[in-house]
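# Structural description and commentary
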Amino acid sequence: MQERIQKLHDYRIFSLIVWLVVIFIAIISMPKTSTIVQYFGQPQLTSTSQPAKAQKIKNVWGRDLNGTYTVNAVFNNPKGKLTTNQQIEIARVVAKLQGKQKFYGIKKITTATNTPEAKNQLISKDQSTQIVQLAVTREQGTVRTLSKQLYSQVQTASLKAYVTSPEIINDNNNARIAGYIQIAAIILFIFAMITLGILFQSVAVPIISLITLLISYVTSLSLANNLTYRGNFPYSEYLPLAILLGTIIVGTFELFFIYRRFKINLVEGMEAPAVTSRSMRYVRYPIIAVGVVLTLIFGSFWFLPFSTIRSFSSLALTFIVLTLAILTIPPIFMGMLEENFFWPTADRLKTTERHFWGRLAKFGLWQPIVAVIVVLYLVGPFAYSYRNNLSYSVMDNLTTENQAAKGAKVLAAHFSQGKATPVSVYIKSDKRLDSANALYQIDNLTTKLKSMPGVQSVTSLTQPDGMPVSQNYVSNQLLDLNQDLKGANDKLKSLQSDLKDNRSDLDVNTLKDINDSLTKLATSASELSSDTGSVQSQVSSITSAANQTQQSNSARRTAAYNRQVSALATQLTTIASNVQTLTTEASSSQSSVSSYRSKVESIAKSLKASQTSLKEMTSRFDGIYNYLGKLQASDAAKIYFMTPEQIMTPTFQRTVINNTSQNGKTTMLTVYLKKSADSHETLAITQKLQDQIQTQLQGTSLKKATVAITGQPVVQSEIQSSFERNLPRMILIVVGLMLLGLMIISRSVLQPAFWGATFLLSSLAGLQLAHLTMRFTSGDPQFNWQVIVLAMVPLTALAALQLIPLAIDYRYNEDSLLEWLLPAMSNSGQTLRHTLFISFMAVFGLAFLRFEPLSEIVLIFIFTAIIFNLALPVMVAALGKLTVTLPARKPHFRRHG
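To start, this report covers the structure provided alongside it. (Residues numbered from 1 in each chain as written. Predicted model: local features only at pLDDT ≥ 70, side-chain atom pairs only at ≥ 80, totals over all residues. Heavy atoms only, no water.)

## A look at the overall build of the chain
A count of helical and extended segments in the chain gives 30 helices and 10 strands. Counting across all 897 residues of the chain, residues that qualify as buried make up 50%. For the chain, restricting intrachain contacts to residue pairs at least 6 apart in sequence, the fraction spanning at least 24 positions comes to 83%. (Helix = DSSP H or I, 4+ residues; strand = E, 2+ residues; numbered from the N terminus. Buried < 20%, exposed > 50% of the residue type's maximum accessible area, 1.4 Å probe, protein only. Contact = heavy atoms within 4.5 Å.)

See below:
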């Protein structure tokens, strides 16, 4: 029994059992990678960042909108203006969504119909595109599922309809990356098998390598996913790919070293039981050294605050697992199969001398200064000319067939480029914001932000449609007041004219003339009455005389005359009576006119005083009118003011509901930028927005208000600033720990510094060449920013795999530096073709995926590997010789100085 156990131990069966248990646990406990990427893949901003502060404010917004995000349903008629029937179709879609609000978690639907004050923000100027905004709760389900359901619901017969939002676009990007990672894993494992199969022309080698690398990858990925899912560790959507690249590149290199040493030992005819142990002892130190250095480098990323870079600290676990797997799994099968391990060509591995590196090293030794100058001349310009031309947009990764991306492009085409990704400004005060003073400050801020370069429009509580509401400004109110004042003044002038006419009609002199005439009339009437009495007396005398004459004249003539006299007497009597009456009336009229005259004189005096007062009043009104007219035309009148009556109108109260929190103490301004979120101009504008807001609110009633801004441009700006702050630290950690490791291993300071500088120079040149190549082939002048972080994995692995064995060789060299340089470079060159072949094959499969970030990584790695392998032997030999020869010449220089 003891012999069996010893035999199992000799064949490392217990190691195999342990790994089988490990891989079983890893598989059954691993959270789904696509789910982890979906929920945790985006860069996590700090709690002190602007978007995080804004989210806290939005989470207590109230009005049943807590924890919601905005989704745009975009309806577009590519042929022109929306027709009446198409608008009816949109209304039907809205009605259908309203009927299923609870099912889809829709808390609010905003349309041009139910919110007419925001019509210009929901309907494009060309009338071809209309937006229906949906406030969707995050508790309803995944963004991915919800966007698919909503997309199916908004489709119409005659319109192009899309469902888009920054959250949907980010999720689609994560889904696409997760899908590519799965395909990349399959391709890279196949290429790793093909690579080792070609190099060793064996059937067993690829299969055992696949088992080793697959166990390492699955275990590492399971650890990373579980740490994120259960331990809230940071995660990146590219972390699974980074784990994959680290496993494939480092694992394939180290497996090649192991298999090559094992095959050499087999060819030399060593005893089978000892060949595996001896082979592993030979490669154990370099493998462990590489594993430790890479573990320390990537483990140190944990101390960087930026979540994306920090998430790559999980690679420390990857290299620990990989190192353990490389050192324990292949020996199991090597011990079992022995000579059959390389079947069918166990004896065909022969080292062929390669003189290329030797020639490069001889050139460096021949003229070291010239050699250094040549390398710097050929490589330096590419490294020096590199500029930070990075893209922080996820839109670049999405295909043109993605419906959310199409919707965002439609919004950009018919509204503005920044329509799909607005900036939201939250202002939280300790007092209600629907007072006249607060509204004045909010409107001032709105107007100021609109005037900033790069800003297309701004909507707010005071300008819900992005345009000023004219009746709420003093200038407009003064215009109305001036019109009323002018009307009143015109009426006063008319009254003044009427008074003047009335006063003219009440002419006292005319009344005096009338009075004098009436007096004369009365006198004349009195005289006439007296004369009439005399005539009547005379007629009576004539009558008496006639009666006497009647007695002596003929009766007929006398009777006729008598009748005439009687008629005259009667008429005279009547005239006398009338004259008496006229005299009485003339006297009365004269008395009345005299009294009326005194009253008219009093009224005339009053009218004259009133006319003078009216003249003074109209003159003053003219002055006020002119002053208000000038005030209304001045900048001083261009301020916002609402009366309590205006604030309480139903229209403005609807605006208050749409733009303030439930307690009325928080409001939101929406800023639409002219450029898209990934524009470098946009990223600069977001910082200016923050500064402008703080400056504008200084010294106002809102100076103590909490202000936070969010939106895709702000998030990308935060990512950019965090990345640019932490990128130098990341590079410093990689370079510093790599140099420290090389110095400790080689027990030298200067030589590892030369090697590290050469690799850094090669990396910068490779990065620039890759950028130029992508720009030439695809026309895209920008790299995705995460490419830089992701490319750090294969580049750091390449540096460790090539420089650590060189450092070990330098440490255990017993010759002088000059004697060591040429043989060391020549011996390293013997594996150059294998090194480049493994390097290219390890990443070449990514180029077939036609996914730009992966293609960029491939180019960076290949260019760097080529440049580094050409520059390293020249620089090592030249700088190594100079470190020996230059100090020796110092006394000579002093002597001839």
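Still to come is the rest of the account.
## Topic: the packing of aromatic side chains
Inspection of the entire model under this criterion finds 24 aromatic pairs. Here Phe 306 and Trp 785 contribute two aromatic rings whose centre-to-centre distance is 5.8 Å and whose plane-to-plane angle is 40°, an arrangement assigned as tilted. Separated by 479 residues along the polypeptide, Phe 306 in the loop between helix H12 (272-299) and helix H13 (307-311) and Trp 785 in helix H27 (residues 785-811) bring together distant segments of the chain. The exposure classification of Phe 306 matches that of Trp 785, with both residues buried. Judged by centre distance (6.5 Å) and plane angle (70°), the rings of Tyr 392 and Phe 723 are edge-to-face. Within this pair, whereas Tyr 392 is found in the loop between strand S5 (390-391) and helix H17 (403-414), its partner Phe 723 is found in helix H25 (residues 712-746), the two being separated by 331 residues in sequence. (Phe/Tyr/Trp six-rings, centres within 6.5 Å; stacked < 30°, edge-to-face > 60°.)

## Topic: the packing of helix H9 (residues 166-200) against helix H11 (residues 239-267)
A pair of packed helices is captured by two measures, namely the crossing angle of their axes and the spacing between those axes. Where H9 meets H11, the axes come as close as 11 Å, and the angle between the chain directions of the two elements is 10°. By the angle between their axes, H9 is roughly parallel relative to H11. Note on element contacts: H11 touches H9 through Pro 240, Leu 241, Leu 244, Leu 245, Ile 248, Thr 252, Leu 255, Phe 256, Tyr 259, Arg 260 and Lys 263, opposite Ile 181, Ala 184, Ala 185, Leu 188, Phe 189, Ala 192, Leu 196, Leu 199 and Phe 200. Looking at the contact of H9 with H11 residue by residue, the classes come out as 17 nonpolar, one polar and two charged. (Axes fitted to C-alpha atoms, helices over the stretch in contact; angles between N-to-C directions. Parallel < 35°, antiparallel > 145°, perpendicular 65-115°, else oblique. Nonpolar A, V, L, I, M, F, W, Y, C, P; charged D, E, K, R; others polar.)

## Regarding the environment of Ser 855
Following the sequence through the fold, Ser 855 ends up in helix H30 (residues 852-895). Residue Ser 855 is classed as buried on the basis of its relative accessible area, which comes to 17%. Aside from chain neighbours lying at most four places away, what touches Ser 855 is Met 774 and Ala 847.

## Topic: the sheet that holds strand S6 (residues 423-428)
By way of backbone hydrogen bonds, the strands of a sheet pair with one another, either parallel or antiparallel. As summarised here, the arrangement of the four strands in space is S7-S8-S6-S9, forming an open sheet in which the pairing is antiparallel. With partners counted over all chains shown, the strands left at the sheet margins are strand S7 (455-459) and strand S9 (706-710), one partner each. Neighbouring strand axes in the sheet, compared pairwise and without regard to direction, differ in orientation by 20° on average. Across five bridges, the pairing between S6 and S9 is antiparallel. Each bridged residue has a counterpart across the sheet, and for Tyr 426 the counterpart in S9 is Ala 708. (Pairing = 2+ DSSP bridges.)

## Section: the pattern of salt bridges
Throughout the structure, instances matching the rule amount to five salt bridges. Residue Lys 107 pairs with Asp 64 through a salt bridge whose shortest N-O separation is 3.9 Å. In this pair, Lys 107 is assigned in strand S2 (residues 106-110) and Asp 64 in the loop between helix H4 (50-58) and strand S1 (68-76), connecting sequence segments 43 residues apart. Taking the relative accessible area as the measure of exposure, Lys 107 reaches 36% and is therefore partly exposed. The partner of Glu 117 in a salt bridge is Arg 654, and the shortest N-O contact between them spans 3.1 Å. Here Glu 117 is found in the loop between S2 and helix H7 (119-122), whereas its partner Arg 654 is found in helix H23 (residues 650-659), with 537 residues between them in sequence. (Salt bridge = Lys/Arg side-chain N within 4 Å of Asp/Glu carboxyl O.)

## Points about a nonpolar patch on the surface
On the surface, Phe 14, Ile 17, Val 21, Phe 24, Ile 25, Ile 27 and Ile 28 cluster together to form a nonpolar patch covering roughly 690 Å² of accessible area. By the secondary structure assignment, Val 21 is in helix H2 (residues 13-29). A relative accessible area of 44% places Val 21 in the partly exposed class. (Patch = residues over 30% accessible without salt bridge, like charges linked within 9 Å, V, L, I, M, F, W, Y side chains within 5 Å. Areas by Shrake-Rupley, 256 points an atom, 1.4 Å probe, with all protein chains shown as cover.)

## So, the packing of H25 against helix H26 (residues 750-778)
Running from N to C, H25 and H26 point in directions that differ by 145°, and their axes come no closer than 9 Å. You can see that H25 and H26 cross each other, and the crossing is right-handed. Mapping the contact onto sequence places Val 735, Leu 739, Leu 742, Met 743 and Ser 746 in H25 and Pro 752, Ala 753, Gly 756 and Leu 760 in H26. Among the residues forming the contact of H25 with H26, the class breakdown is seven nonpolar, two polar and no charged. (Left-handed = near helix turned anticlockwise from the far one by under 90°.)

## Re unusual backbone geometry
Backbone geometry places Gln 201, a non-glycine residue, at a positive phi of 45°. For Gln 201, a relative accessible area of 37% gives the class partly exposed. Even without glycine at this site, Arg 747 takes up a positive phi of about 60°. Looking at the element boundaries, Arg 747 is found in the loop between H25 and H26.

## Here we look at the sheet that holds S2
Reading across from one edge, S2-S3-S1-S4 is the order of the four strands in this open sheet, with antiparallel pairing throughout. Because the sheet does not close on itself, it has two edges, and the strands there are S2 and strand S4 (160-164). In this sheet, adjacent strand axes meet at a mean angle of 20° when their direction is disregarded. Alignment of S2 against strand S3 (residues 129-137), held across four bridges, turns out to be antiparallel. By the bridge assignment, Lys 108 is partnered in S3 with Ala 135.

## A word on the side chain of Thr 710
Note that Thr 710 resides in strand S9. A residue is classified by how much of its surface remains accessible, and Thr 710, at 17% relative accessible area, is buried. When sequence neighbours within four positions are dropped, the list of residues in contact with Thr 710 reads Pro 51, Ala 54, Pro 422, Val 423, Ser 424 and Tyr 426.

## Let's talk about the nonpolar core
Grouped together as the largest cluster of nonpolar side chains are 155 residues, with contacts concentrated most on Tyr 259 and Phe 723. Among the elements that take part in this core, H27 stands out by supplying 20 residues, more than any other. Ignoring any residue separated from it by four or fewer positions in sequence, one finds Tyr 259 in contact with Leu 196, Phe 200, Val 205, Ile 208, Ser 209, Pro 330, Phe 341 and Phe 342. Formed by 39 residues, the second largest nonpolar core is a distinct cluster that contains Tyr 69, Ile 109, Leu 122 and Tyr 162. (Core = buried A, V, L, I, M, F, W, Y, C linked by side-chain atoms within 4.5 Å.)

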